[in-house]
Structure formats: C-alpha cells, structure tokens
Amino acid sequence: MTRLTSIFLAVCTTGLTLSSASAATGDMQNMDHSQMPGMDHGQMQGMDHSQMQSMDEGQMQPAAPTESRTPIPPLTDADRAAVFVSPGGHNVHDSALNHYFLADKLEWQDADDGSALAWDLSGWIGGDIDRLWLRSEGERSNGKTEDAEVQALWGHAISPWWDVVSGVRQDFKPGAPQTWAAFGVQGMALYNFEAEATAFIGEGGQSAVRLEGDYDILLTNRLILQPTAELNVYGKNDPQRGIGSGLANTEAGLRLRYEIRREIAPYIGVTWNRTYGKTADFAKDDGEDRSEARVVLGVRLWF
C-alpha cells in the first residue's frame, strides 16, 4: 500500500511540472515584444543591416606596394642594338618611279551617218609629286579620222588631290595639224568628282578653254553609272577647222559599266553632242546636224 502511494505521488508531480512548462511556453509566444522596456521594434525593422555586414576592405587588405619587387634595370646601348637592327630608320620609297594607264573610253558609237569609233586615253609616269601626263582623244567615222589630238603635260602636285599641269597639245584632225601650248589644273573635287580645266594658246593667236568632268555612282560593288560632261570654248573663228568663237560644242554622256575585274569593265551608254553659234553654222554648211544623240558600246581598261 505504501509503495502504490509513492508511485501515485511521483506521477502527479511529473504532470504538474509538464503543465507548468507548457503554460510558460504559451506565455512566451503570446508576449508583445514591443512592450518590453528599451526595445523599439520600428527601429529594428528600419535598421541598415548592410552596414553591419560590410567592413572596410582597405583595413583587411594590405597596402599596395609602391615599388616593383623586381626593379627594372635601365636600358643600355646593347639592349637597343638588340632590338633595332637599323637605328638610322627605315628607307623612304617616295622617289620610286611609277606609272598608270587608263582607257576611260574605248567605244563604238551609232552615229547618224554611220558607225564611229571613239577613244579617250590618259596615263602618267613619275613619282608622287612630279609626273609626265599623256592624253589622247579622237574619233574615226566610216574609216576616216574626223578628230584626233595628243597632249604631253608635266604635272606637279599642289595638294593630295590636285595637280597643276603645263605642256603642249598637238591636233592632227580636223584640218591641218596645229600645235597649242597648254596649262591648267586637274584633280578630284568633293564627293569624288573628277575634273579637268585646261587653257590652250595656239598658233596664230588662237585660244581655247576645255572643261571636263565625270562622276562614278556605285549602284552595286561592281555596277557603276558614270555621267560625263565636256565643254569647249574658243577665242576666235577658225573656218578651216569648222570652229567658231565663243561656246563651240558640248558633250554629255551616261555610261553604265560592269567591272568583271577592277581593271576590265565593259559598258553601254548614250551620248548627246551639240554645237553652238558660229560652230553650228559651219556644221550646217557641211551637212551636219546641230545636235546628235548616239548609243555607245565599249570597254574601260586600266593598269
């Protein structure tokens, strides 16, 4: 009897202990921590914890060294000789002799009085500053040379894109051969517009001015449309050659070429020629039209 009483009292005591612990835990969960003295819950929520986590990295890392751990020795003459084979510098190649040839027009033309062959050639030989320029242009119609001339000019570069030229021009046709002194400028203007302006003084006090220009319009990398223009002005009448004073003639052209290679480009186009003033009167007396349009087929070459 006494043993059973002891066991009963022990069980009751354990149950009371567990109940007290459970009650204490519930009170802790339901406690309002904002009411605890000295604790501001709003300040805890707005606290910048990044400042607590970040530290001054400069204090953790050692200072960067100000001197090389392995000092670099100063250069010596032996070091320089090992690097530079030619301390005197590189050779300059601006004194080399170069050359260039361009057949800008080498074409067949469908003229009113039959077919014609026309050419416009140019080239140079020399250096970067001074060059000898050669030009030739003319026309053959029905197996007869109607117009032909050759120019030999000395060119001097006055800028990267412009040259001044001076020399002689020799006319073979029309009429009797005639020699001219020539001087002018040539080069490339804005947007790759190539231009030539040349003045001539001929035998017997004759004078003339010729303006030429052309421009390449790239339709594709190889298909190019080229408008051209030429204008001739003379100082006085020359009936033997069918030339009148003032504006004598103009020629405008439009050619479409395809560059099979950069050096070889066949083309097709059209030209329009017109005479003016006294020159037109001389042409009329010879049975020629005042103006004429022609279809042209040709090839453009350079090397």
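You'll find the structure just up there.
These notes cover the structure that comes with them. The structure presented is a predicted model; accordingly, all values stated were derived computationally and were not measured.

1. Observations regarding the pattern of salt bridges
Now for step 1: By the definition in use, this model includes 16 salt bridges.
Now for step 2: Between Arg257 and Glu259 there is a salt bridge whose closest N-O contact spans 3.8 Å.
Now for step 3: Look at Glu259 and you get buried, because its relative accessible area is 7%.
Now for step 4: A salt bridge links Arg294 to Glu292; the shortest N-O distance between them is 3.2 Å.

2. Focus on empty space enclosed by the protein
Which parts of space are left empty comes out when a probe the size of a water molecule is rolled across the atoms.
Now for step 1: In the structure shown here, the tally under the stated rule is one cavity of 30 Å³ or more.
Now for step 2: Taken as a whole, the largest cavity encloses approximately 30 Å³ of empty space.
Now for step 3: Considering the residues around the largest cavity, the lining is formed by Asp104, Gln226, Arg255, Arg257, Tyr267 and Arg300.
Now for step 4: In terms of residue class, the lining of the largest cavity is built from one nonpolar, one polar and four charged.

3. So, the layout of surface pockets
Now for step 1: If you add up the space inside the second largest pocket, you get close to 1200 Å³.
Now for step 2: For the second largest pocket, the lining is made up of 45 residues, of which Leu102, Trp133, Gly187, Glu194 and Glu196 are closest to its centre.
Now for step 3: The dominant element in the lining of the second largest pocket, judged by the number of residues it contributes, is strand 3 (residues 130-141), at six residues.

4. Let's talk about the packing of aromatic side chains
Now for step 1: Throughout the structure, instances matching the rule amount to six aromatic pairs.
Now for step 2: Residues Phe101 and Phe303 carry aromatic rings whose centres are separated by 5.1 Å and whose planes lie at 35 degrees to one another, so their mutual orientation is tilted. Separated by 202 residues along the polypeptide, Phe101 in strand 1 (residues 98-111) and Phe303 in the segment after strand 13 (291-302) bring together distant segments of the chain.
Now for step 3: Using a relative accessible area of 29% as the deciding quantity, one classes Phe101 as partly exposed.
Now for step 4: Among the residues examined, Phe303 registers a relative accessible area of 56% and is labelled exposed.

5. Considerations on the side chain of Glu292
Now for step 1: Along the chain, the position of Glu292 falls in strand 13.
Now for step 2: A distance of 2.7 Å separates a polar atom in the side chain of Glu292 from the backbone nitrogen of Asp112.
Now for step 3: With sequence-adjacent residues up to four places away left out, Glu292 is seen in contact with Ala111, Asp112, Thr271, Trp272 and Asn273.

What counts and what doesn't
Residues numbered from 1 in each chain as written. Predicted model: local features only at pLDDT ≥ 70, side-chain atom pairs only at ≥ 80, totals over all residues. Heavy atoms only, no water. Salt bridge = Lys/Arg side-chain N within 4 Å of Asp/Glu carboxyl O. Buried < 20%, exposed > 50% of the residue type's maximum accessible area, 1.4 Å probe, protein only. 1 Å grid on protein atoms, 1.4 Å probe; cavity = no way out; pocket = protein on both sides within 12 Å on 5 of 7 lines; lining within 4 Å. Points joined across faces, edges and corners; volume = space filled by probe spheres on them. Nonpolar A, V, L, I, M, F, W, Y, C, P; charged D, E, K, R; others polar. Helix = DSSP H or I, 4+ residues; strand = E, 2+ residues; numbered from the N terminus. Phe/Tyr/Trp six-rings, centres within 6.5 Å; stacked < 30°, edge-to-face > 60°. Polar contact = N/O pair within 3.5 Å; in protein donor to acceptor, adjacent residues only side chain to side chain. Contact = heavy atoms within 4.5 Å.

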